[in-house]
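Remarks on the overall topology
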Amino acid sequence: MQDLVDAFGAAFALLVGLDRDLVEIIARSLWVSSLALALAAGIGLPLGGAVALLRFPGRRVAAVGLNALMGLPPVVVGLVVYLMLSRSGPLGFLGWLFTPMAMVVAQFLLITPIVAALTRQVVEDLWEEYDEQLRSLGASRLRAIPTLLWDGRHRLLTTLLAGFGRAIAEVGAVILVGGNIAHVTRVMTTAIALETSKGDLALALALGIVLLVLSLAINAAAALAGDVARNAEG
Amino acid sequence: MRSIPGWVLLALWIASPAGHAAGRFIILASTTSTENSGLFAALLPRFTERTGIEVRVVAVGTGQALRMGRRGDADVLLVHDRDAEETFVAEGWGLERFEVMFNEFVLVGPADDPAGVRDLGDAAAAVARIAAARVPFVSRGDDSGTHKAERRLWRAAGIDPVSETGSWYRELGSGMGATLNTAAAMAAYTLADRGTWLAFRNRRDLEVLVAGDPRLHNPYGVIRVNPARHPHVKAKSSGVFVDWLLSSEGQAAIADFRVAGEALFHPAAKPARSPAILPRSESQDPSKPADTSRARKLSAPRKISTWKPRSWAASVFTGTSSTKRVVAGARSNRSRSSR
C-alpha cells in the first residue's frame, strides 16, 4: 500500500518538476510511436479499404488474416526485426539495430494489421450504407476507397488511436530491438521495465502513471479535435 | 494525411545515424547486474568526457551478450562468465579478454531462514541444505553469468536441481533485478551479485545469508569483438574504451562507485591484486602517478602473453571443476599463441 502512495507522490513530483530525463524519454516515446503510426496509417488505411471493397480471390482469407495479425505477439515481432536488422541478418547493413529506427520498424509491424483490420471493418460498414448512392454516381469500387476513407475519418480516428495506444504501450519488441539504451532508445515502457528490475517499484509505477496521463491527454485532444471538425462541418 | 511525408523525412533524418551530431559511439553489451547496480551511470560519463566517445549500453544476460558479439551486434562486451568468455575468444569472435573488476555473489533468502543456511562458510553446503529442506529457490534460468555461477554451486554440491524445476526450484529466465523481485515476493532463496543486491530497493524480508565463500568470487572481463570477423565493428573506439577501463583512471572510477558508502565493484586490473603474475607494465604501476593526461593509445601493443590476471579465487575454482579449468586454460593458451 505504501508503494502505491509513494508512486502517486513520485508521479506528481515527476510531472510537476518536469525532470529533464523524463521529458526526453516522453518526447522519444511520442515521436517513435507517431512515426510508426504515420507509416502504419500510410499502409494500413488503403490496405484496409482495399480488402473491404475490392473483389479479388482470397479476399475473405485476407480479412481473416488481418484480424489474426492484430494478435501478433510483440516479442515475436521484436525477434524477427532483431534477426533482420542484426549485422548478421539481411538488413544489417542499415545499422538500424539499437537505434530508434529499429523501434519504429517493430511498432510499425505491430500496428499496421490493427489499423488495416479496423479500417476494413469501418469501410465495409460504410459501403453497405452508401453502396447504391455511390454506384448511382458511377463510382467504381476502387474510386470509392478514398471517398469512404474520407467519409469515415471520424471513426477512423479511433482506429488510429488504437494503433497509437498499442505502439506507445508496447515493451517486449522495443526493448529487444532498441536495447533500452539511455538517451538513445529508452522510452517510457522500457524505463518502467528498468526501474522495476532495479526494485524501485514506486518510481516504476510513477512512470506508468505518467504514461497513462499522457495517453489520456492525447485521446482527449483527439476527441476535442474531432468535435471541432464536426461542428465546423455543421 | 497529405502533409505527412515532410515530417516523416524529418523524423527519418533525426533517427538516422547522421542525425546524431554526438558523433562516435560504441555499443557495449553487458550484464543486467552492472546496469541495475548503477555502475555504468557513474562510470561512462567520465569516459565520454575524457574521450568524446559515447558508450551505448545494452544490458542483457552474459549468454545473450556473447551471442550479440558473435552476431556482430556489439563492439565490446563486459560480462562475467570466464569459461564462456575464454571460449568466445578461443573461437576467434573476440580479441583478448582482460579482467576488469570483481565483486562477489551472495546467497540471499528470507530472514527467518527456513533452510538454516545463515552464516555457513560453504555455499555448496548451503544450497544442499536448501535442496534438502525443499524450500523455494529462484534461479535466473537465463544463461547469464550469475546463472552459470549458480549451476556451478549445485554441481559442487552434487545436486541436479533442474529435476526439481517447477516444485521448489523455480527457473525464471529473468534479469537479476526481476529475479530479486520474485524472490522477495515468494520468500525464496536466490543467488545475486552483491552489486545489484546493494543497489536493490525492493528487498522486503530478504537478507544476505551466505557470503565470503571463495566459490562466490565474481570476476568481470572485457572483450572487444574481433574486427576480423565483423569488419563493421568499431575496433578503434572499443580499444580506447578497454584501455581506459584498465588504466589507473578507469580502475579508480570503478573503485569510486559506491552505494550507501559501500563499494560495489573492486578493480581487478591492478598488479597489486596478483603481483606474482602481473608484470609491472607502464600504466599499471601503482607507484607512478595516475595517467590522467588521456587514455592510453591503442597503438601501443600490449604484452599479451604475460597479461593473464588470475585473481585470488581462480585457483579455488579449480577445486570444483578442475578438468574444465585445465581445458579452458589450454584453449586460451592456444588462442594466445596463435596471435
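Residues numbered from 1 in each chain as written. Chains lettered and ligands numbered in written order. Predicted model: local features only at pLDDT ≥ 70, side-chain atom pairs only at ≥ 80, totals over all residues. Heavy atoms only, no water.

It is worth spelling out the overall build of chain B at this point. Secondary structure assignment for chain B yields 13 helices and twelve strands. Within chain B, the proportion of its 339 residues that are buried is 54%. Counting only contacts in chain B whose residues sit at least 6 apart along the sequence, the fraction spanning at least 24 positions is 74%. As displayed, chain B offers around 14,000 Å² of accessible surface, 55% of which is attributable to carbon and sulfur atoms. (Helix = DSSP H or I, 4+ residues; strand = E, 2+ residues; numbered from the N terminus. Buried < 20%, exposed > 50% of the residue type's maximum accessible area, 1.4 Å probe, protein only. Contact = heavy atoms within 4.5 Å. Areas by Shrake-Rupley, 256 points an atom, 1.4 Å probe, with all protein chains shown as cover.)

A few words on the nonpolar core. Judged by nonpolar contacts, the single largest core of 78 residues is most densely connected at Leu53(A), Phe98(A), Val177(A), Met188(A), Met68(B) and Leu77(B). Here Leu77(B) is in contact with Leu28(B), Ala29(B), Ala65(B), Leu66(B), Gly69(B), Phe88(B), Gly221(B), Val222(B), Ile223(B) and Val225(B), once residues within four sequence places are set aside. (Core = buried A, V, L, I, M, F, W, Y, C linked by side-chain atoms within 4.5 Å.)

Residue and element names in this part refer to chain B. Applying the stated criterion across every chain yields a total of 26 salt bridges over all chains. A salt bridge links Arg-46 to Asp-256; its shortest N-O distance comes to 3.6 Å. Highlighted residues: Arg-46 in helix 3 (residues 39-51) and Asp-256 in helix 11 (residues 248-256), separated in sequence by 210 residues. (Salt bridge = Lys/Arg side-chain N within 4 Å of Asp/Glu carboxyl O.)

Now for the environment of Thr179(B). All names here are of chain B. Its place among the elements puts Thr-179 in helix 8 (residues 176-186). For the pair Thr-179 and Leu-191, spaced twelve residues apart in the sequence, the C-alpha separation amounts to 9.3 Å. Look past the residues within four positions of Thr-179 in its chain and what remains in contact with it is Val-138, Arg-140, Leu-172, Ser-174 and Thr-190.

To continue, consider the interface of chain B and chain A. By convention, interface size is frequently given as the accessible area that disappears when the constituent parts associate. Taken residue by residue, the interface counts 30 residues in chain B and 28 residues in chain A. Applying the counting rule to chain B against chain A returns two salt bridges. Connecting chain B to chain A are ten residue pairs in polar contact (both at pLDDT 80 or more). Element by element, the count of residues in the side of chain B that touches chain A is highest for helix 1 (residues 4-15) of chain B, at seven residues. For the side of chain B that touches chain A, the residue count by class is 16 nonpolar, seven polar and seven charged. (Polar contact = N/O pair within 3.5 Å; in protein donor to acceptor, adjacent residues only side chain to side chain. Nonpolar A, V, L, I, M, F, W, Y, C, P; charged D, E, K, R; others polar.)

Residues and elements named next belong to chain A. In the contact formed by helix 3 (residues 59-69) and helix 5 (residues 100-136), the axes pass within 7 Å of each other and the chain directions differ by 130°. As far as their axial angle goes, helix 5 and helix 3 are oblique. Here helix 3 runs over helix 5; the crossing is left-handed. Contacts between helix 3 and helix 5 involve Arg-59, Ala-63, Leu-66, Asn-67 and Leu-69 on the former and, on the latter, Pro-113, Ala-116, Ala-117, Arg-120 and Glu-124. (Axes fitted to C-alpha atoms, helices over the stretch in contact; angles between N-to-C directions. Parallel < 35°, antiparallel > 145°, perpendicular 65-115°, else oblique. Left-handed = near helix turned anticlockwise from the far one by under 90°.)

Our focus in this paragraph is the pairing of strand 1 (residues 25-31) of chain B. All names here are of chain B. Of all the seven residues making up strand 1, seven are buried; the element is thus mostly covered by neighbouring parts of the structure. Where strand 1 and strand 2 (residues 54-60) come together, seven bridges link them in parallel fashion. Pairing of Ala-29 across the sheet is with Val-58, part of strand 2. Relative to strand 3 (residues 76-79), strand 1 runs parallel, the two sharing three bridges. Note that in strand 3 the partner of Ala-29 across the bridge is Leu-77. (Pairing = 2+ DSSP bridges.)

Residues and elements named next belong to chain B. Summed over all chains, the structure comprises nine aromatic pairs over all chains. Pairing Phe-47 with Trp-244 gives two aromatic rings, centres 5.4 Å apart and planes at 55°, and the pair type is tilted. One end of the pair, Phe-47, is in helix 3; the other, Trp-244, is in helix 10 (residues 235-246), and 197 residues separate them in sequence. Accessibility assignment for this pair places Phe-47 and Trp-244 in one class, buried. Ring plane angle 80° and centroid distance 5.5 Å describe the contact between Tyr-220 and Phe-265, whose orientation is recorded as edge-to-face. On the criterion of sequence distance, the pair formed by Tyr-220 in strand 9 (residues 217-225) and Phe-265 in the loop between strand 11 (262-263) and strand 12 (266-267) is long-range, its members being 45 residues apart. For Tyr-220, a relative accessible area of 0% puts it in the buried group. (Phe/Tyr/Trp six-rings, centres within 6.5 Å; stacked < 30°, edge-to-face > 60°.)

Let us look at unusual backbone geometry. Residue and element names in this part refer to chain B. The backbone of Asp-119 sits at a positive phi, close to 65°, despite the residue not being glycine. Mapping Asp-119 onto the fold places it in the loop between strand 4 (94-110) and helix 6 (123-133). Using a relative accessible area of 66% as the deciding quantity, one classes Asp-119 as exposed. Phi at Ala-260 takes a positive value of approximately 50°, unusual for a residue other than glycine. Topologically, Ala-260 is positioned in the loop between strand 10 (258-259) and strand 11.

With that out of the way, let us pick up the domain arrangement of chain B. Residue and element names in this part refer to chain B. As assigned here, chain B comprises domain 1 (24-103 + 218-338) and domain 2 (104-216). Tallying the contact residues gives 24 residues for domain 1 and 23 residues for domain 2. For the pair domain 1 and domain 2, the summed buried surface comes to about 1,800 Å²; carbon and sulfur atoms form 56% of the total. Counting across the interface, domain 1 meets domain 2 through three salt bridges. The salt bridge involving Lys-148 is made with Asp-81; its shortest N-O contact spans 2.7 Å. Counting the contacts that link domain 1 with domain 2 gives eight residue pairs in polar contact (both at pLDDT 80 or more). Those elements that place two or more of their residues in the side of domain 1 that touches domain 2 are helix 2 (32-36), helix 4 (62-71), strand 9, strand 11 and helix 12 (314-318). (Domains from an automatic or database assignment. Buried area = accessible area lost by both parts, 1.4 Å probe.)

Here we take up helix 3 of chain B. Residue and element names in this part refer to chain B. When the terminal C-alpha atoms of helix 3 are compared, their 19 Å separation across 13 residues agrees well with the 18 Å that a helix rising 1.5 Å per residue should span. Taken together, the buried positions of helix 3 are occupied by Leu-39, Phe-40, Leu-43, Leu-44, Phe-47 and Thr-51. Angularly, the buried residues of helix 3 cover 90° about the axis, an arc narrow enough to put them on a single face. Seen from the buried face of helix 3, the exposed residues on the opposite side, beyond 90 degrees, are Ala-41 and Glu-49. Downstream of helix 3 by one or two residues, Gly-52 has phi in the positive range, about 75°. (Expected span 1.5 Å × (residues − 1). Arc of directions from axis to C-beta.)

Attention now goes to a nonpolar patch on the surface. Residue and element names in this part refer to chain A. A cluster of nonpolar side chains, Val-76, Val-80, Met-84, Leu-91, Phe-93 and Leu-94, forms an exposed patch at the surface whose accessible area comes to about 510 Å². Residue position: Phe-93 is located in the loop between helix 4 (74-85) and helix 5. Since its relative accessible area comes to 62%, Phe-93 is described here as exposed. (Patch = residues over 30% accessible without salt bridge, like charges linked within 9 Å, V, L, I, M, F, W, Y side chains within 5 Å.)

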